[in-house]
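Architecture and fold: a report
Here's the letter readout for the chains.
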Amino acid sequence: MIVLIDTHAHLDFPKFKNDLDKVLGRARQAGVEAIINAGADQRSSKNSVALSRKYPQVGASVGIHPHSAAEVGGSWMDELASLAGSDTVLAVGEMGLDYYRNLSPREDQEKVFREQLRLACRVDKPAIIHSRDAHEETLRILKEEELPSRVGVMHCFSGDRRLAGDFLDLGFYISLAGPLTYPKSHALRDLLHYIPEDRLLFETDAPYLSPQAYRGKRNEPAYVKLVYERAALTLGQDLEKLAEQVYINAVRLFSDQLVDRI
Ligand SMILES: [Zn+2]
Ligand SMILES: [Zn+2]
């Protein structure tokens, strides 16, 4: 049987409020045996941990998305740190910079990003990095800060080959999402030939970024299979073999606890 892992989803978001059990049922049917649920703000991080306690196949990450960097309360780091220590929390993030929408001032984004990197080091859990239209700045900060021992993942990576190389050099994994299936995403598919197979991950970023077949509709973890399939096609590789490798990668990055969840 082919085991798939969705390394980045937002199941705590309101779009899944009414049918999460069905969504998880369809994921399991598609072979998605583990899902990392990424926190996006203080409340979402709390809910992420709650989901990981309720559903054995869900591992949590806790963090503040750059969009929410300006909204954090005074004790946000204490709250996040206490969540990050939980045994079902496998990573810290998503964290990073988003200069595309600039929903938080850049200074706030940078400060909250740096503090989360330091938290990831303290709890020794990998960092999940969000970078949009801010790759050079993200890279600069990652080079300046200390990184956790297992480093982390560039989630929904959208940079070019040179940038991928820079993040790989720092020890990051590269995770690709639904855009891999879009007709115009030639550069992204080319990147597949460049990323070492032991540093590759896949994700949905559900409810966002649905693969081509579901574009415009809500994304969900079951659809990560379409990302795997497109990658296997591009690489001329057997889906089962690719899935096996990506599974090993995910376990190496997110720890053996992921195995307990499968
Ligand atoms: Zn993101
Ligand atoms: Zn996300």
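Use the structure listed above.
Residues numbered from 1 in each chain as written. Chains lettered and ligands numbered in written order. Predicted model: local features only at pLDDT ≥ 70, side-chain atom pairs only at ≥ 80, totals over all residues. Heavy atoms only, no water.

1. Description of the overall build of the protein chain
- In terms of helices and strands, the protein chain carries 10 helices and eight strands.
- Scaling as 2.2 N^0.38, a compact globule of 262 residues should have a C-alpha radius of gyration of about 18 Å, and the protein chain matches this with 17 Å.
- Structurally, the protein chain occupies a C-alpha span of about 50 × 40 × 35 Å along its principal axes.
- Burial analysis of the protein chain (262 residues in total) assigns 60% to the buried set.
- For the protein chain, long-range pairs separated by at least 24 residues make up 73% of all intrachain contacts whose partners lie at least 6 apart in sequence.
- Accessible surface computed for the protein chain: about 11100 Å², of which carbon and sulfur atoms make up 48%.
- The average position of the 33 basic charges and that of the 38 acidic charges among the side chains of the protein chain differ by 5 Å. (Helix = DSSP H or I, 4+ residues; strand = E, 2+ residues; numbered from the N terminus. Rg over C-alpha atoms; globule rule 2.2 N^0.38 Å. Buried < 20%, exposed > 50% of the residue type's maximum accessible area, 1.4 Å probe, protein only. Contact = heavy atoms within 4.5 Å. Areas by Shrake-Rupley, 256 points an atom, 1.4 Å probe, with all protein chains shown as cover. Lys, Arg positive; Asp, Glu negative; His and termini not counted. Charge placed at Lys NZ, Arg CZ, Asp CG, Glu CD.)

2. A short note on the packing of aromatic side chains
- In the structure shown here, the tally under the stated rule is five aromatic pairs.
- Between F167 and F172, the ring centres sit 6.4 Å apart and the planes meet at 90°, which makes this aromatic pair edge-to-face. Comparing F167 with F172, the two get one shared label, buried.
- On the basis of an interplanar angle of 5° and a centroid distance of 3.7 Å, the ring pair of Y214 and Y223 is categorised as stacked.
- Looking at Y223, the relative accessible area reads 15%, which means it is buried.
- Each residue in the set F157, F167 and F172 is aromatic and connected to the rest through ring pairs, giving one cluster. (Phe/Tyr/Trp six-rings, centres within 6.5 Å; stacked < 30°, edge-to-face > 60°.)

3. Some details on the coordination of the zinc ion (ligand 1)
- Protein ligation of the zinc ion (ligand 1) involves E94 (OE), H130 (ND1) and H155 (NE2), the donor distances falling in the range 2.0 to 2.1 Å.
- Spacing between the donor residues of the zinc ion (ligand 1) along the chain follows E-x35-H-x24-H.
- Between the zinc ion (ligand 1) and the zinc ion (ligand 2), a spacing of 3.4 Å is present, and a bridge between the two is formed by E94. Residue E94 is located in strand β4 (residues 89–98), and its partner H155 is located in the loop between β6 (152–154) and α6 (161–169); the two are separated by 61 residues in the primary sequence. Taken individually, E94 and H155 each receive the classification buried, so the pair is uniform in this respect. (Donors = N, O, S within 2.8 Å, 3.2 Å for Na, K, Ca; no water.)

4. Comments concerning the sheet that holds strand β3 (residues 58–62)
- The eight strands are arranged β1-β2-β3-β4-β5-β6-β7-β8 in an open sheet whose pairing can be described as parallel. Every interior strand has two partners, whereas the edge strands, β1 (4–9) and β8 (200–202), have only one. Each strand axis lies, on average, 25° off the axis of its neighbour in the sheet, ignoring direction.
- Pairing between β4 and strand β5 (residues 127–132): five bridges, direction parallel. (Pairing = 2+ DSSP bridges. Axes fitted to C-alpha atoms, helices over the stretch in contact; angles between N-to-C directions.)

5. With respect to helix α3 (residues 76–84)
- If you check which residues of α3 are buried, you get W76, M77, L80, L83 and A84. Projected down its long axis, α3 carries its buried residues within an arc of 130°, all on one side. What points out from α3, more than 90 degrees from its buried face, is the exposed set D78 and S82. (Arc of directions from axis to C-beta.)

6. Notes on the pattern of salt bridges
- For the structure shown, the criterion picks out 15 salt bridges.
- One salt bridge in this structure joins R118 and E145, with 2.6 Å as the shortest N-O distance. Highlighted residues: R118 in helix α4 (residues 106–123) and E145 in the loop between α5 (135–144) and β6, separated in sequence by 27 residues.
- What makes R118 partly exposed here is its relative accessible area of 41%.
- Taking relative accessible area as the criterion, E145 reaches 12% and is therefore assigned buried. (Salt bridge = Lys/Arg side-chain N within 4 Å of Asp/Glu carboxyl O.)

7. Some remarks on the environment of D160
- Along the chain, D160 turns up in the loop between β6 and α6.
- The exposure class assigned to D160 is partly exposed, which follows from its relative accessible area of 40%.
- Measuring from C-alpha to C-alpha, the distance between D160 and R101 comes to 20 Å, with 59 residues separating the pair along the chain.
- Within the local environment of D160, its side chain forms a polar contact with the backbone nitrogen of R162, the two atoms lying 3.3 Å apart.
- In terms of polar contacts, D160 uses its side chain to reach the backbone amide nitrogen of L163, at 2.9 Å. (Polar contact = N/O pair within 3.5 Å; in protein donor to acceptor, adjacent residues only side chain to side chain.)

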